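An overview of the molecular structure
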Amino acid sequence: MSLEVLLEVLSDGEFHSGDELGQVLGVSRTAIWKQLKKIEDLSLPLLSIKGKGYCIEGGLDLLSRPAIESVLSADAKCLITDLDIHKVVDSTNVLAMQRASIGESGYVCTAEQQLSGRGRRGKAWASPYACNLYLSVVWEFSGGAAALEGLSLAVGVAVVDALKKAGVDGASLKWPNDVLYNSRKLAGVLLEMTGDASGPCQVVVGVGLNVAMPKGQAIDQPWVDVKTINSNAANRNQVLGFLLNELMPLLANFEKSGFSVYRDRWLHLDAFYNKDVAIMLGDTVVLGVATGVDETGALLLKTETGLQAFSGGEVSLRIAE
Ligand code: BTN
């Protein structure tokens, strides 16, 4: 009996006795008990009450293809060639990179859980089961790496737009594409690329968005989730649909539009504008005042020696202490 089937039954948030679970799933109570132990290991709030049975407190908001598709716009539907909804994967970006490397474009995958979710700069991305959104999209660009300038910042703008549709107003951006709410991280974007840097290449756009993060996750920065910001916000499937409604047309048009059409909105959402900041370039620290981004998406910093521009790569930004 698979753990996923048990989670499906318990997703209604109601109590189910061990006997009932055994009968529904056609296995012994001992087998059920072993699987229930695994649910606890997933950090899900499993309640066990004598005489009543087992319940996942608050239920689970599981991913559902019809629910996602009911939110998708006609535009987004046309641009998606394949939508894979997985239970547990290592990383949706890894799966998407496999599709990217065979030249696909328009492939989308999501999962309930990632065992090795990847963040920027080699960090891990907390990806517990059925709590948040983990999404990767593959898109082909014919103009090589140059055509991608500013894409990761534009994706940040798209995520903020989707959040607004989902009932989260007031998210901001930290260069290049961290989505913040009251200085706490709400979503992150990881772009990976394969193919020819000067010819056709495939980009994987990975988005991780905290929807209802369980307590006790090892996360090394202040974070927040959608449900804490607005308990009446859209559910996971709807938020995923809203994200795709923004991301797919962005990707389809980006080679033509470039970053310039997103720049004003990015500047408007800039959480660090006019703040004293420190840029970390490996071991080197550059101090200055953040003054937005240029037309390529490079970060602009007013320093003692004049205005300097910093592009992606291994640059990281923080408020100066
Ligand atoms: C960041 O560090 O801010 C970027 C986080 C990106 C996480 C997402 S979750 C979906 C996709 N799959 C991954 O392994 N990473 C990205």
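A few points on the structure. As the structure is a computational prediction, the values presented were derived from the model and not from experiment.

Moving on to the sheet that holds strand β6 (residues 172-174). Reading across the sheet, the seven strands line up as β3-β4-β5-β9-β8-β7-β6 and stay open at both edges, with mixed pairing between neighbours. Single-partner strands in this sheet number two, and they are β3 (82-89) and β6. Neighbour-to-neighbour, the strand axes of this sheet turn through a mean angle of 20 degrees, independent of strand direction. Here seven bridges tie β3 to strand β4 (residues 107-114), and the two strands are oriented parallel to one another. By the bridge assignment, Asp82 is partnered in β4 with Tyr107.

So, on to the site of the ligand. In the neighbourhood of the ligand, 20 residues make up the surrounding shell, with Ser91, Gln114, Arg118, Arg120 and Lys185 lying closest. Between the ligand and Gln114, the relevant distance is 2.9 Å, taken from a nitrogen atom to a side-chain nitrogen or oxygen of the residue. Residue Arg120 places a main-chain N or O atom 2.7 Å away from an oxygen atom belonging to the ligand. The cavity where the ligand resides is the largest pocket.

All right, on to helix α1 (residues 3-10) then. If you check which residues of α1 are buried, you get Leu3, Leu6, Leu7, Val9 and Leu10. Take α1 and look down its axis: the buried residues cluster within an arc of 160 degrees, on one side only. The secondary structure elements touched by the buried residues of α1 are α2 (18-25), α3 (29-41), β1 (46-49) and β2 (53-56).

Before going further, it helps to spend a moment on the packing of α1 against α3. Contact pair α1 / α3: the axes reach a minimum separation of 10 Å and the direction vectors enclose 75 degrees. By the criterion of interaxial angle, the relationship of α1 to α3 is roughly perpendicular. Along its contact with α1, which presents Leu3, Leu6, Leu7 and Leu10, the element α3 presents Ile32, Gln35, Leu36, Lys38 and Ile39.

This next bit is on helix α9 (residues 236-257). Its 22 residues place the ends of α9 30 Å apart at the C-alpha level, agreeing with the 32 Å of an ideal helix rising 1.5 Å per residue. Along α9, the sharpest change in direction is near 40 degrees and occurs at Leu251. Among the 22 residues of α9, 16 are classified as buried, and the element is accordingly described as predominantly covered. A distance of 3.1 Å separates the backbone nitrogen of Asn237 from a side-chain oxygen at the start of α9, and that oxygen is part of Asn235. Once α9 ends, the next one or two residues include Gly258, with phi positive near 65 degrees.

Counting 70 residues, the largest nonpolar core has Val159 and Leu209 as its most contacted members. When near neighbours in sequence (up to four residues on either side) are disregarded, Val159 contacts Val179, Ala187, Val189, Val207, Leu209 and Leu243. With 20 residues, the next largest nonpolar core counts Leu10, Leu21, Leu42 and Leu44 among its residues.

What follows is about the layout of surface pockets. The computed volume of the largest pocket comes to approximately 890 Å³. Broken down by secondary-structure element, the contributors of at least two residues to the lining of the largest pocket are α6 (92-101), β5 (133-141), β7 (178-181), β8 (184-195), β9 (201-209) and β14 (315-319). Here the residues of the lining of the largest pocket are counted per class, giving 21 nonpolar, 13 polar and 11 charged.

Looking now at the pattern of salt bridges. Two side chains with opposite charge may pair up if their charged atoms get near one another. Summed over the entire model, instances satisfying the criterion amount to 13 salt bridges. The closest approach of N and O atoms between Glu112 and Arg236, which form a salt bridge, is 2.8 Å. Within this pair, whereas Glu112 is found in strand β4, its partner Arg236 is found in helix α9, the two being separated by 124 residues in sequence. Here the two residues Glu112 and Arg236 agree in accessibility, since each one is buried. Of the charged contacts in the structure, one is a salt bridge between Lys123 and Asp220, with a shortest N-O distance of 3.5 Å. On the criterion of sequence distance, the pair formed by Lys123 in the loop between β4 and β5 and Asp220 in the loop between β9 and α8 (226-229) is long-range, its members being 97 residues apart. Classification of Lys123 by relative accessible area gives partly exposed; the value is 36%. Residues participating in the shared-partner salt-bridge network are Asp82, Asp84, Arg99 and Glu104.

Cut-offs used in this document
Position labels on residues start from 1 in each chain and follow its written sequence. At least 70 in pLDDT is required for a residue's local features to be given in this predicted model, at least 80 for side-chain atom pairs to be given and counted, and no such filter applies to totals for whole chains, interfaces and linings, which use all residues. Note: side-chain values were computed over all heavy atoms of the structure, leaving out hydrogens and water. Each pair of strands is called paired provided DSSP finds at least two bridges between the two strands. Going along the chain from the N terminus, every DSSP run of H or I of four or more residues is numbered as a helix, and every run of E of two or more is numbered as a strand. Only the contacting stretch of a helix is used when fitting its axis, a line to C-alpha atoms as for every element, and angles between N-to-C directions run 0 to 180 degrees. Whether a residue is near a molecule or strand depends on its heavy atoms: if one lies within 4 Å, it is near. Polar contacts here mean pairs of N or O atoms no more than 3.5 Å apart (in protein, one a potential hydrogen donor and the other a potential acceptor; neighbouring residues in sequence count only if both atoms are side-chain atoms). Here a cavity denotes a set of grid points, spaced 1 Å apart and computed over the protein atoms alone, in which a 1.4 Å probe fits but from which it cannot get out, and a pocket denotes an open set meeting protein on both sides within 12 Å along at least five of seven lines; residues with an atom within 4 Å of a point are reported as lining. Assignment of a molecule to a cavity or pocket requires that more than half of its atoms lie within 2 Å of the corresponding grid points. The cut-offs for exposure are 20% and 50% of the maximum accessible area for each residue type, with area from a 1.4 Å probe on protein chains only; residues under the lower value are buried, those over the upper are exposed, and the others partly exposed. In this description, the arc belongs to the directions extending from the helix axis to the C-beta atoms. Throughout, a residue-residue contact means that at least one pair of heavy atoms, one from each residue, lies within 4.5 Å. Between 65 and 115 degrees an angle is taken as roughly perpendicular, under 35 as roughly parallel, over 145 as roughly antiparallel, and anywhere else as oblique. The length a helix should cover is 1.5 Å for every residue beyond the first. To get the bend at a residue, fit one axis to the 7 residues ending there and another to the 7 starting there, then take the angle between the axes. Residue types Ala, Val, Leu, Ile, Met, Phe, Trp, Tyr and Cys, when buried and joined through side-chain atoms within 4.5 Å, form a set referred to as a nonpolar core. Grid points are joined across faces, edges and corners, and a volume is the space filled by probe spheres set on the points. Under this grouping Gly is polar, as are all residues other than the nonpolar Ala, Val, Leu, Ile, Met, Phe, Trp, Tyr, Cys and Pro and the charged Asp, Glu, Lys and Arg. What makes a salt bridge here is a side-chain nitrogen of Lys or Arg within 4 Å of a carboxyl oxygen of Asp or Glu, nothing more.

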